[in-house]
Amino acid sequence: MQTALLSKQQLMQTAQQNMNLIQEVNYTDRQKLALTCRILFDHGHDAGLAGQITCRAEQENSFITQRFGLGFDEITAANLLVVDQDLKPLDQQGMANPANRFHTWIYQQHPEVNCIIHTHPTHIAALSMLRVPLAISQMDTCALYEDCSFVGEWPGVPVGNEEGIFISEALGKNRAVLLSHHGQLVAGKSIEEACNLALLIERAARLQLLAMSAGQIQPIPHELAKEAHDWLSTDKRNKVNFAYYARKALKNHQDCIEE
Ligand SMILES: [Zn+2]
């Protein structure tokens, strides 16, 4: 075996390099956003009309989002809206969810963020009722290790500017926020990254609730958790993961990528 004497570090590096050989699928941002809606719908993020997904649009200070009134399972690349910072649709059609206002604040204060997903999935919503931070103590969920802020205070429905400032500050340098008595928010450099994080945070909450009901959650070693965080958080891994979820979604939601 040629690789028997290589260190873990070397093996990790080789694996990351080899991952670049996996071919990427070229969806447009609108298609990716519509796919994300369907992927999240299939993974328990549906809560009626609650929740918003946005990404930056080409025009400065504008973003793409769902048309208010449609469920995640009805979103297509064609029926998404482009809205300005005041949530006004650029083509004057339809309306965005008024709670999108806090997305505007996050985009303003976090220039590296290109996609935001805010939802109320069942396990996150249940965990949010206990007013405890997200506990990361299992390998798969380490992408959120020390990367999820906790907001213990519930400021009410997030349609005001105060809530926008408050949530944006709570996010800080992290990629996720657990909002007590409310839900979750993730922010990614790409749509793929945000989609993966949204799936992950709901899974982490589900695991946490299961573990809490069976005993006491034990901490994991800090250095190993950081290593796993970085290993799981590369741009390429996000794209490969997203491509898999997209293929799965397209089996039942072929209509969502029609532009
Ligand atoms: Zn909400």
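Residues numbered from 1 in each chain as written. Predicted model: local features only at pLDDT ≥ 70, side-chain atom pairs only at ≥ 80, totals over all residues. Heavy atoms only, no water.

Which entries qualify depends on this criterion: UniProt positions are given in the numbering used here, feature names are shortened, and annotations may be inferred rather than shown by experiment.
Named according to an unreviewed UniProt entry, the chain is Class II aldolase/adducin N-terminal domain-containing protein originating from Acinetobacter dispersus. Here the chain is described in UniProt, under the heading Sequence similarities (unreviewed entry), as follows: "Belongs to the aldolase class II family."

**A short note on the nonpolar core**
Stated precisely, the cut-off is as follows: For this analysis, a nonpolar core means a set of buried residues of the types Ala, Val, Leu, Ile, Met, Phe, Trp, Tyr and Cys, connected via side-chain atoms within 4.5 Å. Buried, partly exposed and exposed residues are distinguished by accessible area as a fraction of the type maximum, computed with a 1.4 Å probe on protein chains only: under 20%, between the cut-offs, and over 50%, respectively. Runs of E in the DSSP output that reach at least two residues are strands. Runs of H or I that reach at least four are helices, and both are numbered from the N terminus. Whether two residues are in contact is decided by their heavy atoms, any of which lying within 4.5 Å being enough.
Leu 35, Ile 117 and Leu 134 are the most contacted members of the largest nonpolar core, which totals 48 residues. Contributing elements (two or more residues each) for this core: helix 2 (29-42), strand 1 (52-56), strand 4 (115-119), helix 4 (122-129), strand 6 (176-179), helix 6 (191-214), helix 7 (222-232) and helix 8 (235-252). Ranked by residues supplied to this core, first place goes to helix 6 with 10 residues. When near neighbours in sequence (up to four residues on either side) are disregarded, Leu 134 contacts Leu 127, Leu 144, Cys 148, Leu 178, Ile 201, Ala 204, Ala 205 and Gln 208. Core analysis: the next-biggest nonpolar cluster, separate from the first, contains 18 residues, Ala 96, Ile 167, Leu 185 and Ala 187 among them.

**Digging into the side chain of Gln 66**
This is how the line gets drawn: Whenever a nitrogen or oxygen atom comes within 3.5 Å of another N or O atom, the pair is scored as a polar contact, on the condition that within protein one atom can donate a hydrogen and the other can accept it, and that pairs from neighbouring residues in sequence are kept only if both atoms are in side chains.
You can see Gln 66 is positioned in the loop between strand 2 (62-65) and strand 3 (81-84). Within the local environment of Gln 66, its side chain forms a polar contact with the side chain of Thr 65, the two groups lying 3.4 Å apart.

**Looking at the pairing of strand 5 (residues 148-151)**
For the record, the criterion: Note on pairing: two strands pair once DSSP finds at least 2 bridges between them. We call a crossover right-handed when, viewed with both strands directed away from the observer, the connection leading from the first strand over the helix to the second proceeds clockwise.
With four bridges connecting them, strand 5 and strand 6 associate as parallel partners. Across the sheet, residue Cys 148 finds its bridge partner in strand 6, namely Ala 176. Following the backbone out of strand 5, through helix 5 (residues 161-171) and into the adjacent parallel strand 6, one traces a crossover that is right-handed.

**Observations concerning the pairing of strand 7 (residues 183-188)**
Here strand 7 lies mainly inside the structure; six of its six residues are buried. Side chains Gly 183, Leu 185 and Ala 187 of strand 7 all project onto a buried face; the interleaved residues Gln 184, Val 186 and Gly 188 project onto the opposite face, where all are buried too. Inspection of the sheet shows strand 4 paired to strand 7 by five bridges, in the antiparallel sense. Note that in strand 7 the partner of His 118 across the bridge is Leu 185. Sheet analysis places strand 6 next to strand 7, joined by four bridges and oriented antiparallel. Bridging across to strand 7, Val 177 finds its partner in Leu 185.

**Quick notes on the packing of aromatic side chains**
Note the threshold: Only the six-membered ring of Trp is used, alongside the rings of Phe and Tyr, when aromatic pairs are assigned; centres must lie within 6.5 Å, and planes under 30 degrees apart are stacked while those over 60 apart are edge-to-face, with the rest tilted.
Here the structure, examined in full by the defined rule, presents two aromatic pairs. On the basis of an interplanar angle of 45 degrees and a centroid distance of 5.4 Å, the ring pair of Tyr 244 and Tyr 245 is categorised as tilted.

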